[in-house]
Amino acid sequence: MPAMTLYDAVGAALTEEMRRDRSVLVFGEGIATKRHDLVDEFGALRVRNTPLAEGIIAGTAVGAAGSGLRPVIDLLFAPFLCYAMDELVNSAGKLRYMSGGQFSFPLVTLAMTGAGWGVGAQHNHNVEAWFVHSPGLKVVMPSNPADAKGLLKAAIRDDNPVLFFIDIGLLHQPGEVGNDELVLPLGKASIVREGRDVTLVSYGKTVHHCQQAAEMLGSRGIAAEVIDLRSLKPLDEASILASVRKTGRLVVVHEANRLCGVGAEIAALVAEEAFAALKAPIVRLGGPDAPVAASYPLEQAFVPQPEAISAAAERLCHRQAA
Amino acid sequence: MPAMTLYDAVGAALTEEMRRDRSVLVFGEGIATKRHDLVDEFGALRVRNTPLAEGIIAGTAVGAAGSGLRPVIDLLFAPFLCYAMDELVNSAGKLRYMSGGQFSFPLVTLAMTGAGWGVGAQHNHNVEAWFVHSPGLKVVMPSNPADAKGLLKAAIRDDNPVLFFIDIGLLHQPGEVGNDELVLPLGKASIVREGRDVTLVSYGKTVHHCQQAAEMLGSRGIAAEVIDLRSLKPLDEASILASVRKTGRLVVVHEANRLCGVGAEIAALVAEEAFAALKAPIVRLGGPDAPVAASYPLEQAFVPQPEAISAAAERLCHRQAA
Amino acid sequence: MAPIHPEIDLCHLLEQMQLIRAYEEAIVTGSAAGKFPGTCTSVGQEAAAVGVVNALSGDDLILTNHRSAGHLLARGADPGRLLAEVMGRSSGYCKGRSGSLHISVKELGVVLTSTIVGAELSLAPGVALAQNMLERAGIVVCFFGDGAACEGSFHESLNLAALWNLPILYVCENNQWQAFVHRREAMSRDHVADWAASYGIPARTVDGNDVTAVLAAAQAAAGKVRESRRPYLLETYTYRTRGHFEPDDQAYIDQAERQSWLNRDPIALCRDRLVADGCLSPGKQTEIADRVAQRIATAMAFAESSPFPAADELTRDVYA
Amino acid sequence: MAPIHPEIDLCHLLEQMQLIRAYEEAIVTGSAAGKFPGTCTSVGQEAAAVGVVNALSGDDLILTNHRSAGHLLARGADPGRLLAEVMGRSSGYCKGRSGSLHISVKELGVVLTSTIVGAELSLAPGVALAQNMLERAGIVVCFFGDGAACEGSFHESLNLAALWNLPILYVCENNQWQAFVHRREAMSRDHVADWAASYGIPARTVDGNDVTAVLAAAQAAAGKVRESRRPYLLETYTYRTRGHFEPDDQAYIDQAERQSWLNRDPIALCRDRLVADGCLSPGKQTEIADRVAQRIATAMAFAESSPFPAADELTRDVYA
Ligand SMILES: Cc1ncc(C[n+]2csc(CCOP(=O)(O)OP(=O)(O)O)c2C)c(N)n1
Ligand SMILES: Cc1ncc(C[n+]2csc(CCOP(=O)(O)OP(=O)(O)O)c2C)c(N)n1
Ligand SMILES: [Mg+2]
Ligand SMILES: [Mg+2]
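Analysis parameters
- Residues numbered from 1 in each chain as written.
- Chains lettered and ligands numbered in written order.
- Predicted model: local features only at pLDDT ≥ 70, side-chain atom pairs only at ≥ 80, totals over all residues.
- Heavy atoms only, no water.
- Contact = heavy atoms within 4.5 Å.
- Buried area = accessible area lost by both parts, 1.4 Å probe.
- Salt bridge = Lys/Arg side-chain N within 4 Å of Asp/Glu carboxyl O.
- Polar contact = N/O pair within 3.5 Å; in protein donor to acceptor, adjacent residues only side chain to side chain.
- Helix = DSSP H or I, 4+ residues; strand = E, 2+ residues; numbered from the N terminus.
- Nonpolar A, V, L, I, M, F, W, Y, C, P; charged D, E, K, R; others polar.
- Pairing = 2+ DSSP bridges.
- Axes fitted to C-alpha atoms, helices over the stretch in contact; angles between N-to-C directions.
- Donors = N, O, S within 2.8 Å, 3.2 Å for Na, K, Ca; no water.
- Buried < 20%, exposed > 50% of the residue type's maximum accessible area, 1.4 Å probe, protein only.
- Near = heavy atom within 4 Å.
- Areas by Shrake-Rupley, 256 points an atom, 1.4 Å probe, with all protein chains shown as cover.
- Parallel < 35°, antiparallel > 145°, perpendicular 65-115°, else oblique.
- Left-handed = near helix turned anticlockwise from the far one by under 90°.
- 1 Å grid on protein atoms, 1.4 Å probe; cavity = no way out; pocket = protein on both sides within 12 Å on 5 of 7 lines; lining within 4 Å.
- Points joined across faces, edges and corners; volume = space filled by probe spheres on them.
- pLDDT = per-residue confidence, 0-100.
- Least-squares fit on C-alpha atoms with pLDDT ≥ 70 in both.
- Domains from an automatic or database assignment.

Colleague: Can you explain the interface of chain D and chain C? Please cite residues and give values.
Modeller: A common way to state how big an interface is: give the accessible area lost once the parts meet. Every contact between the two is made by 22 residues of chain D and, on the other side, 22 residues of chain C. Buried surface at the junction of chain D and chain C, summed over both partners, amounts to about 1600 Å²; 50% is from carbon and sulfur atoms. Between the two partners, chain D and chain C, sit zero salt bridges. Inspection of the region where chain D meets chain C yields twelve residue pairs in polar contact (both at pLDDT 80 or more). Put simply, the parts of the chain that give the side of chain D that touches chain C at least two residues each are helix H6 (152-163) and helix H7 (193-197) of chain D. In terms of residue count, H6 of chain D provides more of the side of chain D that touches chain C than any other element does, seven residues in total. Looking at the side of chain D that touches chain C residue by residue, the classes come out as ten nonpolar, six polar and six charged.

Below you can see the structure in the form of structure tokens.
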């Protein structure tokens, strides 16, 4: 299988879907400059640069999606979604329901997020939980190029608005991507490592930190199961619950702030639905209630690291032994 | 003690704080029209109507707060905060930290939310969890006029940006409010009913639903403790944990969507910090992953009702007995 | 006075305006009696709605907002299904989920109605883009208020529409009020049309209380958009004679200003001219009044007898 | 050529421009070597920054954005503390938390810097309101790009500033680019100044590569704001000669357009005129160059020897 970066996997998904369906178009601040291969193949009407105005980019996408097109928009960095909240939350997320089902909004919004570039809190702010909390929206965040391609293809084919978050730290890391036109269903997590002692649930770059933690734990005789959520809404509750019912222990890990994050949702889900299986407290590892600093050491310190994850998991396992 | 509505309690807090501190000013779409008594007392410069543009209202407040004033802004209904997210989240919440502490932002944002007026999801959408998730912001939501007055006074005196949510359903219900200048500290929950069997945690109008549920439970021999959070960030973790350590059972109730809501945060907190005390699963009652309909019966069905709360609590208690 | 356009009978426009007025008054009465929630009525603005909507083709699309009854009824919406929607009944155009503030009727080309002030401006370019990309002939008409013109989405929308050559007829209903704030307190200019020129978008302000003037200006404007496939802004200068939302004591209103507009009531103006021109006999007046009253009575009966949505509607239609 | 303003020595402006250029070039080199993150450089725009900042009083306040080095250095910021900030060191003006994109220096009156394009426009009215309410004399200068002018906050900000009589000097640095998009692809007009007129805000476009022209225009503009306590918009028409952010291959750039601007390099223009006027001897040129090189070397040494923030800085200064 050829290796490509997540950036290129996104490009491949766009190319395949634009070939497949003439109603797919992409626009955003500079996307026609950066992805000029798309302009070459599909023309300037289907691949457009826009004015620097996130609200109207998103609003135009919502209007177009509600009128028969399938737009993909690039809003660059997640904090810039703040300028598009009305269009995404109040229009895309609600107008279907409020109109009694008269409209649907097949629309994908791309945004980058997370540590890696030292650009500070106005570029690096993981806000995916906002959209999980808001009705009518789906939320996806892949951890590798192959998933990114398969999930983006599914997102483009989905008849609902999908927020597609790209972890900056993973953007230029290569990974194997099949040549086949694989479409990964939204709402299906991936068990990236099996284990019976403790479940580590994560998404985005911290999936890799969980895998490293699982290695460390393995060397100490603890078998960790690692779940990559891939899609945050719909959430693959069944896979999470099945794993915790097996292991009895749960560590949820993400880069986003802990308070009211996706980790809180998963912990609450498990405390409600798999309580009887729990052998130890649920641990959440996530960002503090602070913006992210640009300074490299602080930026790194914000993100849960493999050592902290394995230490937390080990504590849970020993606790039960004790 | 005189009775006043929550609307009037807000007015009383504004009046007292504007008398006390000349740097307090209020502005918003129509606030000078609706609260003309404030204009009469404090003049047109400190009480202003604005253009219909939430972004610049909030941005102006952030700029003013960072420059020596203490603005209170009225953004009307919570979904309209979508137009002010950049100003609130990226500016008010982050610029203190990102500037290395050079600025502070003493700023209060008022917004109404919740069921009661049959106005649909673009006026009724409980988004308080977004701001709990976002760094640098405090979040308050009172359940009665006296608390509203005391909390608003504290919010105005606080040197941080505070989101102050007002439950529409409570706006015109009278309650007793002391004449004294009581200031309620942010971050302190109120135990509105003591009990040893189960803890009901809530905020806003569903506090009253919990109290009614506690009455019902009482008549069935179950002593429920009811906690009114009052402030969602800072969150009074100590009071919640102390109560659950006593009762061993927790039901969290709110009107906002369940997914990644404040209830998820509290459930996760308890599953982590008070796991050993838990005798039963944690139950969350919250809105479904759907916008709120205007139609009265659907609007009511969205909100957790006393019957459902007491039934959930009762199941938890019997479960342990069984 | 001859009709502006051969096919359009001015008596028909008068009847539409009377229907709108009667519909709004039925809501005022019903909501005051506590029978259903109040609404943002369009009383006083009937000519602005009727003049513009009658200038459109059947394949044109309309975006409207919270104050939409005039646009919907002029476009041919059934007052019964509208009232049912206001009452939150399942027979409403949006199954009762919208209530009065965000009624869309896709079958009539009234699409994506949002009550977020400024949202119609943010959605319109995408609707127009789809018309272009899917090679549909109809233009897009975007109704918005003077208040909406103060939102940033106004600037972003006009800039994009000008840049991308989108076939949008922007119609600003400048009714002097932005809820409880007079436009003088909110706008640095008196006319929204002044703002359009700086994007290179042609614009015009028309007397919004004169239905024939509005019709003529809208026909010219729509024609221009259809032909050039570029945006145009028409400002209908008018007045909201009732409150922002029912009930509203209007204590904050300048009564002299209101009276001067009441003296130019669009229905009375139109009727007086028709009578003066000998085109409206007393008999025909009665006929129209009776027909309107009958339609509203039927509509009210239909709406009131319609059921509320079933409980399982709570989570239906959230996702496609 | 005599200095425009008695107190302002044109050689001093030239030196400021050279300092800015040398500072940016040091960053280009250091970031290309992987020593620290790249930045949005202001190369080619030095005259626009220096001309405006030197027209201000010490009590005026400045809001700037991601491309701020020129504004900060012209205002007297220490290049060492700026470089330390770029490198994320604790001796930076923002303790390393900002990095290059949002540097505020309150002690110099450079306040509330945000890298959200358009945020400076949304914050400026509040800063100006505080100046008025607290009876402070200084005016507020808001630097923003042609890209920021496309955000809705531009419209909302100008409307409010005009309506509330706020003492804001809006300075649009129209550098032809909005990151990877040419302004022609993003703006329905060529000049942002055209948009100001419709709010009743006086506006002017000036050659942004001619430091004396910018200085004169900014002095007149600032004077007008100070006197009228009303807004004014000055557009400095200029060009970003390097990429949007380091590194940037500039493959998307029209080289002929770039070359025509390179031919009008603001530093060369100023130096040539001073030489032609006999105000700049070769000796003085060397003196300036040496002083600039020395300052940058000292600054670089200071920044590189500064420590990174301690781990407990992670959660400090979040709340007051
Ligand atoms: C974003 C937003 N802000 C505020 C409101 C509340 N609101 C509803 S209508 C209205 C006034 C709108 O004024 P205008 O656009 O002139 O329309 P009009 O009501 O006069 O027809 C306001 C403030 C809203 N619905 N959305
Ligand atoms: C809201 C927002 N959108 C996009 C960006 C990414 N971005 C940073 S600078 C820039 C270009 C800004 O153009 P302009 O305002 O003309 O300023 P210039 O960079 O040319 O100085 C963009 C798109 C951002 N920082 N904020
Ligand atoms: Mg209006
Ligand atoms: Mg630019």
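What follows continues from the structure just given.
Colleague: Quick one: what's the story with the sheet that holds strand E11 (residues 224-228) of chain B, residue by residue and with numbers?
Modeller: Residues and elements named next belong to chain B. With respect to topology, five strands assemble into an open sheet ordered E9-E11-E10-E13-E14, the strand pairing being mixed. The sheet is open, and its two edges are formed by strand E9 (190-193) and strand E14 (283-287), each paired on a single side. Ignoring which end each strand starts from, the neighbouring axes of this sheet average 25 degrees apart. For E9 and E11, the ladder comprises three bridges, and the chain directions are antiparallel. Looking at E11, one finds that Ile-191 is bridged to Ile-227. Contacting strand E10 (198-202), E11 and strand E13 (250-257), helix H10 (residues 237-247) runs over the sheet at an angle of about 170 degrees to E11.

Colleague: A description of the coordination of the magnesium ion (ligand 4) should follow, citing residues and the corresponding values.
Modeller: Reference values for angles at a metal are 109.5 degrees in the four-donor tetrahedral case and 90 or 180 degrees in the six-donor octahedral case. All names here are of chain D. Only Asp-146 (OD), Asn-175 (OD1) and Trp-177 (O) from the protein coordinate the magnesium ion (ligand 4), and they sit 2.1 Å from it. Written as a sequence motif, the donor arrangement for the magnesium ion (ligand 4) is D-x28-N-x1-W. Of this pair, Asp-146 sits in the loop between strand E2 (140-145) and H6 while Asn-175 is found in the loop between strand E3 (168-174) and strand E4 (177-178), placing the two residues 29 residues apart along the sequence. There is no split in this pair, since Asp-146 and Asn-175 are both buried.

Colleague: Help me get a handle on the site of ligand 2, residues and values and all.
Modeller: Residues in close proximity to ligand 2 total 20 residues, the closest being Glu-54 of chain A together with His-66, Gly-147, Asn-175 and Trp-177 of chain D. Bordering ligand 2 are residues originating from chains A and D. Contact between ligand 2 and His-66 of chain D: an oxygen atom at 2.7 Å from a side-chain N or O atom of the residue. Note that an oxygen atom of ligand 2 is positioned 2.9 Å from one of the side-chain N or O atoms of Asp-146 of chain D. Its free accessible area being 580 Å², ligand 2 has 97% of it covered by the protein chains. Each residue belonging to the shell around ligand 2 can be placed in one class, and the counts come to eight nonpolar, seven polar and five charged.

Colleague: Talk me through the site of ligand 1; I want residue IDs and the actual numbers.
Modeller: Close to ligand 1 lie 20 residues, the nearest being Glu-54 of chain B together with His-66, Arg-67, Gly-147 and Asn-175 of chain C. The residues that come close to ligand 1 belong to more than one chain, namely chains B and C. Note that a nitrogen atom of ligand 1 is positioned 3.0 Å from one of the backbone N or O atoms of Val-117 of chain C. Within the side chain of Asp-146 of chain C, a nitrogen or oxygen atom sits 2.9 Å from an oxygen atom of ligand 1. Coverage of ligand 1 by the protein amounts to 96% of the 580 Å² it exposes when considered alone. Tallied by class, residues from the shell around ligand 1 come to eight nonpolar, seven polar and five charged.

Colleague: Talk me through the packing of helix H1 (residues 10-32) of chain D against helix H2 (residues 46-53) of chain D; I want residue IDs and the actual numbers.
Modeller: Helix-helix packing: each pair is described by the crossing angle between the helix axes and the interaxial distance. All names here are of chain D. In the contact formed by H1 and H2, the axes pass within 10 Å of each other and the chain directions differ by 135 degrees. The angle between H1 and H2 places the two elements in the oblique class. Like other packed secondary-structure pairs, H1 and H2 cross with a definite hand, here right-handed. Seen from H1, the contacting residues are Leu-13, Gln-16, Met-17, Ile-20 and Arg-21; seen from H2, they are Glu-46, Ala-47 and Val-50.

Colleague: Just give me the short version of the pattern of salt bridges, but keep the residues and values in it.
Modeller: All names here are of chain A. Evaluation of the coordinates by the stated rule reveals 72 salt bridges over all chains. In this structure, the salt-bridge partner of Arg-196 is Asp-197, at a minimum N-O distance of 3.0 Å. Under the relative-accessibility criterion, Arg-196 is labelled exposed at 52%. Under the relative-accessibility criterion, Asp-197 is labelled buried at 16%. With its nearest N and O atoms 2.7 Å apart, the salt bridge here joins Glu-255 to Lys-205. Of this pair, Glu-255 sits in strand E13 (residues 250-257) while Lys-205 sits in the loop between strand E10 (198-202) and helix H9 (206-219), placing them 50 residues apart in sequence. The residues Glu-255 and Lys-205 share a single accessibility class, namely buried. A single network of salt bridges, built from pairs that share partners, joins Glu-16, Glu-17, Arg-20, Lys-149, Lys-153, Arg-157 and Glu-181.

Colleague: If you had to explain empty space enclosed by the protein to someone new, which residues and values would you point to?
Modeller: Per the counting criterion, the structure on display carries twelve cavities of 30 Å³ or more. Within this model, the largest cavity holds a volume of roughly 240 Å³. Surrounding the largest cavity, 21 residues form its lining, Tyr-83 of chain A, Tyr-83 of chain B, Glu-156 of chain C together with Gly-152 and Glu-156 of chain D being those nearest its centre. Taken together, the residues that form the lining of the largest cavity break down as eight nonpolar, six polar and seven charged.

Colleague: Describe in detail the confidence of the model for chain C, supporting the description with residues and values.
Modeller: With 98% of its residues at a pLDDT of 70 or more, chain C has an overall mean of 96. The ipTM value of the predicted complex is 0.98, and its pTM value is 0.98.

Colleague: Could you give me a rundown of the relation of the copies chain D and chain C, with the residues and numbers involved?
Modeller: Turning one copy of the chain about an axis and sliding it along that axis gives the other copy, so a rotation and a shift relate them. For the pair chain D and chain C, the best superposition has an RMSD of 0.0 Å and corresponds to a rotation of 180 degrees with a translation of 0.0 Å parallel to the axis. Seen this way, the second copy is the image of the first under a two-fold rotation axis. For chain D, the residue whose C-alpha comes nearest the rotation axis is Gly-152 of chain D, separated from it by 1.8 Å. In this assembly, 100% of the residues forming the interface of chain D have copies in chain C that are likewise at the interface, indicating an isologous arrangement.

Colleague: Go over unusual backbone geometry with me, naming the residues and quoting the values.
Modeller: With an omega dihedral of 0 degrees, the bond running from Lys-233 of chain A to Pro-234 of chain A counts as a cis peptide bond. Its place among the elements puts Pro-234 of chain A in the loop between strand E12 (231-233) and helix H10 (237-247). The backbone of Cys-260 of chain B shows a phi angle near 55 degrees, a positive value even though the residue is not glycine. Assignment of secondary structure puts Cys-260 of chain B in the loop between E13 and helix H11 (262-273).

Colleague: Before we move on, could you go through the domain arrangement of chain A and cite the residues and values that matter?
Modeller: All names here are of chain A. Looking at chain A, the domain boundaries give domain 1 (3-176) and domain 2 (190-321). One C-alpha centre belongs to domain 1, the other to domain 2; they are set 27 Å apart. The partner domain 2 presents 22 residues to the 30 residues of domain 1 that form the contact. Summed over both sides, the interface between domain 1 and domain 2 buries roughly 2000 Å², with carbon and sulfur atoms accounting for 54% of that surface. Sorting the residues of domain 1 by area buried against domain 2 places Val-132, Met-141 and Ser-143 first, and these three jointly supply 23% of that buried surface. Taken together, the links from domain 1 to domain 2 amount to two salt bridges. The closest approach of N and O atoms between Asp-147 and Arg-230, which form a salt bridge, is 3.4 Å. Counting across the interface, domain 1 meets domain 2 through 16 residue pairs in polar contact (both at pLDDT 80 or more).

Colleague: Tell me what's going on with the interface of chain B and chain A, and back it up with residues and numbers.
Modeller: The interface of chain B with chain A comprises 55 residues on the first partner and 55 residues on the second. Together, the buried faces of chain B and chain A total about 4800 Å²; carbon and sulfur atoms form 61% of this surface. Interface area lost by chain B to chain A is led by His-133, Cys-260 and Phe-275 of chain B, which between them contribute 16%. At the junction of chain B and chain A, the tally comes to eight salt bridges. Remark: the boundary between chain B and chain A carries 27 residue pairs in polar contact (both at pLDDT 80 or more). Looking at the side of chain B that touches chain A, the elements with two or more residues in it are helix H5 (85-92), helix H6 (95-98), helix H7 (128-133), E13, H11 and E14 of chain B. With eight residues, the top contributor of residues to the side of chain B that touches chain A is H11 of chain B.

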